[in-house]
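# A look at the structure
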Amino acid sequence: MLSELSIKNFAIIEQLEITFDEGLTVLTGETGAGKSIIIDAVQLLAGGRGSQEFIRHGAKKAELQGLFTVDESKNEVAERLAEFGIEAEEGAVILRRDLNTNGKSVCRVNGKLVTIAILREIGSLLIDIHGQHENQELMSERRHIDLLDFYIGEPIERAMSTYTELYDKYKKLQQLIAAKTQDEQQIAQKIDLYSFQLEEIDAASLIIGEEEELEAERVKLQHFHRLFDRLNTSYEAISLESHGLDWIGNAMSDLEEAASIDDEIKPMSETVNSAFYSLQDVSHDLKRLIDGMEFQPERLHYVEERLALFLTLKRKYGKSLEDILLYRDKIADALDQLVNRDERLHQNQELLAQYVEDLEIEANELSIIRKKSALLLEKGIEEQLKQLYMEKATFKVQIQRKEPNQFDVNGFDNVVFMISTNLGEPLKPLVRVASGGELSRMMLALKTIFSQHQGVTSIIFDEVDTGVSGRVAQSIAEKIAMIASHSQVLCISHLPQVAAMADHHYLIKKEIHDGRTTTAIHDVIQEERTEELSRMLSGAEITPLTLQHADELLKLAKQRKQAFR
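What you are looking at is a predicted structure, and each value in this text was computed from that prediction instead of being measured.

### Things to note about the overall build of the protein chain
Tallying secondary structure elements over the protein chain gives 20 helices and 15 strands in all. Against the compact-globule benchmark of 24 Å for 565 residues, the protein chain has a radius of gyration of 44 Å, which places it well outside the compact range. With the C-alpha coordinates of the protein chain rotated into their principal frame, the extents come out at 145 × 65 × 45 Å. Counting across all 565 residues of the protein chain, residues that qualify as buried make up 42%. Contacts in the protein chain between residues far apart in sequence, at least 24 positions, make up 72% of those at least 6 positions apart. As displayed, the protein chain offers around 31,200 Å² of accessible surface, 49% of which is attributable to carbon and sulfur atoms. Distance from the positive charge centre (64 side chains) to the negative charge centre (96 side chains) of the protein chain: 10 Å.

### Topic: the nonpolar core
In this structure, L24, I381, V397, F407, F461, I480 and V489 are the most contacted members of the largest nonpolar core, which totals 73 residues. When residues of this core are assigned to their parent elements, the largest contribution, 12 residues, is made by helix α14 (residues 341–387). Each residue touching F407, except ones within four places of it in the same chain, is listed here: Y163, Y167, Y170, V356, L359, E360, A363 and F412.

### Some points on the sheet that holds strand β10 (residues 413–420)
Ordered by their spatial adjacency, 3 strands build an open sheet running β9-β10-β11, and the pairing between neighbours is antiparallel. Each edge of the open sheet is held by one strand with a lone partner, namely β9 (394–401) and β11 (428–429). Sheet analysis places β10 next to β11, joined by 2 bridges and oriented antiparallel. Within the sheet, the bridge partner assigned to M418 lies in β11 and is P429. Strands β9 and β10 of the sheet are contacted by helix α5 (residues 144–152), whose axis makes an angle of about 90 degrees with β10.

### Observations concerning the pairing of strand β1 (residues 2–10)
Of all 9 residues in β1, 7 are buried; the element is thus mostly enclosed. Pairing between β1 and strand β4 (residues 61–69): 6 bridges, direction antiparallel. Along β4, the bridge assignment pairs L5 with G66. In the sheet, β1 pairs with strand β2 (residues 13–19) via 6 bridges, with the strands oriented antiparallel. Considered in β2, the bridge of K8 is made with Q15.

### A closer look at the packing of aromatic side chains
In total, this model carries 11 aromatic pairs according to the counting rule given. For the pair F20 and Y506, a centre-to-centre distance of 6.1 Å together with 85 degrees between the ring planes defines the contact as edge-to-face. With F20 in the loop between β2 and β3 (24–28) and Y506 in strand β14 (residues 504–513), this residue pair connects regions lying 486 residues apart in the sequence. Both residues of the pair, F20 and Y506, belong to the buried class. Pairing F224 with F228 gives two aromatic rings, centres 6.3 Å apart and planes at 20 degrees, and the pair type is stacked.

### What about a negative patch on the surface?
Negative charge collects at one region of the surface, where E212, E213, E322 and D323 lie side by side. At the level of secondary structure, the elements contributing two or more residues to the negative patch comprise α8 (210–222) and α13 (321–339). Counting through the fold element by element, E212 comes out in helix α8.

### Focus on the pattern of salt bridges
Using the criterion set out here, one finds 26 salt bridges in the structure. Here R401 makes a salt bridge to E360, at a shortest N to O gap of 2.6 Å. Residue R401 is found in strand β9, and its partner E360 is found in helix α14; the two are separated by 41 residues along the sequence.

### Remarks on the environment of G34
Along the chain, G34 falls in the loop between β3 and α1 (35–45). According to the relative accessible area criterion, G34 is buried, its value standing at 6%. Sequence separation between G34 and I13 is 21 residues, and the spatial gap between their C-alpha atoms is 7.9 Å. If near-sequence neighbours (up to four positions away) are discounted, G34 is found in contact with I508 and T519.

### Focus on the sheet that holds strand β7 (residues 112–114)
Remark on secondary structure: sheet strands pair via backbone hydrogen bonds, oriented parallel or antiparallel. Pairing within the open sheet is antiparallel, and its 6 strands lie in the order β2-β1-β4-β5-β6-β7. Each of the sheet's edge strands pairs with one partner strand only, and the pair in question is β2 and β7. Within this sheet the neighbouring strands show an average axis-to-axis angle of 15 degrees, counted without direction. Both strand β5 (residues 92–100) and strand β6 (residues 105–109) contribute to a ladder of 5 bridges, which runs antiparallel. Of the residues in β6, the one forming a bridge with R96 is R108. Against the sheet, α1 touches β1, β2, β4 and β5, its axis set at about 105 degrees to β1. Lying on the sheet, helix α3 (residues 116–126) is in contact with β4, β5, β6 and β7; it crosses β5 at an angle near 135 degrees.

### Regarding the pairing of β4
Note: β4 against β5, 9 bridges, orientation antiparallel. Opposite Q65, over in β5, you have R96 as the bridge partner.

### A short note on the environment of S269
Its location among the elements puts S269 in helix α11 (residues 266–292). S269 gets classed as buried once you look at its relative accessible area, which sits at 7%. Discounting residues that sit within four places of it in the chain, S269 has contacts with L255, E256 and A259.

Cut-off values and rules
Residues numbered from 1 in each chain as written. Predicted model: local features only at pLDDT ≥ 70, side-chain atom pairs only at ≥ 80, totals over all residues. Heavy atoms only, no water. Helix = DSSP H or I, 4+ residues; strand = E, 2+ residues; numbered from the N terminus. Rg over C-alpha atoms; globule rule 2.2 N^0.38 Å. Buried < 20%, exposed > 50% of the residue type's maximum accessible area, 1.4 Å probe, protein only. Contact = heavy atoms within 4.5 Å. Areas by Shrake-Rupley, 256 points an atom, 1.4 Å probe, with all protein chains shown as cover. Lys, Arg positive; Asp, Glu negative; His and termini not counted. Charge placed at Lys NZ, Arg CZ, Asp CG, Glu CD. Core = buried A, V, L, I, M, F, W, Y, C linked by side-chain atoms within 4.5 Å. Pairing = 2+ DSSP bridges. Axes fitted to C-alpha atoms, helices over the stretch in contact; angles between N-to-C directions. Phe/Tyr/Trp six-rings, centres within 6.5 Å; stacked < 30°, edge-to-face > 60°. Patch = residues over 30% accessible without salt bridge, like charges linked within 9 Å, V, L, I, M, F, W, Y side chains within 5 Å. Salt bridge = Lys/Arg side-chain N within 4 Å of Asp/Glu carboxyl O.

Next comes the structure, spelled out in structure tokens:
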């Protein structure tokens, strides 16, 4: 449940601290006092859409914070928090949201920064806000199947999990087939393009590593004359006119003779001896290289053309020869699929037909579950409507199948809530029959049923009783109080009947401080409740008679609550 709420610099609220308890808490006050602003703050705290217009004039930011306590035995909230790496100590969950003048929001859960999406997901497990505009859920037939599935709960969730996995595969394959059957002209153009690219790449006969080898060869060919001169000069220095090798041979002989006399000279003799034979080998290698060298301008031209071809291909298809060959394999596969598209299309269509058969089975299972549970929902709604003085109303859940092989995310069922509000009148779609007051009672009937297994910690009603009076107002008050026996309920109301049923009563009113209007909250207790109810009954002047009526209303409310709690 929502235990504490802190609001700062939000709309006309400068600073507000509210403590909530279990049961039914009613917020009353004059129109425009700021009751709905408090609910707006809670809605934003739970991830609702924010705006810098909510920030109090002159302030840099609005600060909202709420402390929720959750039953640790119901671990759905704890599990979801753990998924996001958020710790929850002793069942406490603190939501915080700051709205800045630059339009950005800063969201935290138990001190950890989170996105608005995460805040909204966690908030949906803690708070269920219902205002007059939310009756549009009932006015949209597309939402009826969601409401029915929500009522069914776990059985439909298990079946839906299997169906959804299969439906996703079906949709992806369906989209693939649609893409494969695109305009024939586009396909022909792709075939021509891929064929040309394949031919161009294959004609190049690319070999991994060839580019590096040709780069090295080009350097040698470009500097042929310089290389030839250096090798020839080296050979002459060793073996020809300079007689370098002959002089070293003489030194080798002299040192061998000296070493026979003095052992200390032997290492030097061996070094020179080794150098002589090494130079002799080099001389032979140089002679062979020089004799075999021949300037080849044709080869240089070929190498440069080949490297230029590589550069052209890299500009078109990849940064390296490896990338080009990978691209080649990719378009070869794509070309194969296009050329053999008829065969592949046939295979995919056969697989799609199998998916349709499997979807038929899974969707039929969903339909069976819905039809069975719809009977229970019909009975429950009619019982609730009787208690809300719509005893002549008949409620039915019409479940019809879409056209053959027509599936969506919910199966093949089309769900429409049907109602007859008067005896003898035929059933008609709810969206065409119900008035505003009837819609409010319908939604309240649904909330009464859902709240018993909904799992959220707090339910908020924002003036859902507008436009009703008399015994209907009393029945709505009792119904809201009954919901509060299963979940914490916060309710904004102008009805004294609802206020009388409250376990906790707050009066919201405007105050002026230092020339600025702000919203204040006052805990209405004991005899103050009688006075506030008297004001709500009379509208303005409090008289002994209205006080008496208010006192009777409180006593009656106490008796009513004892009867169903």
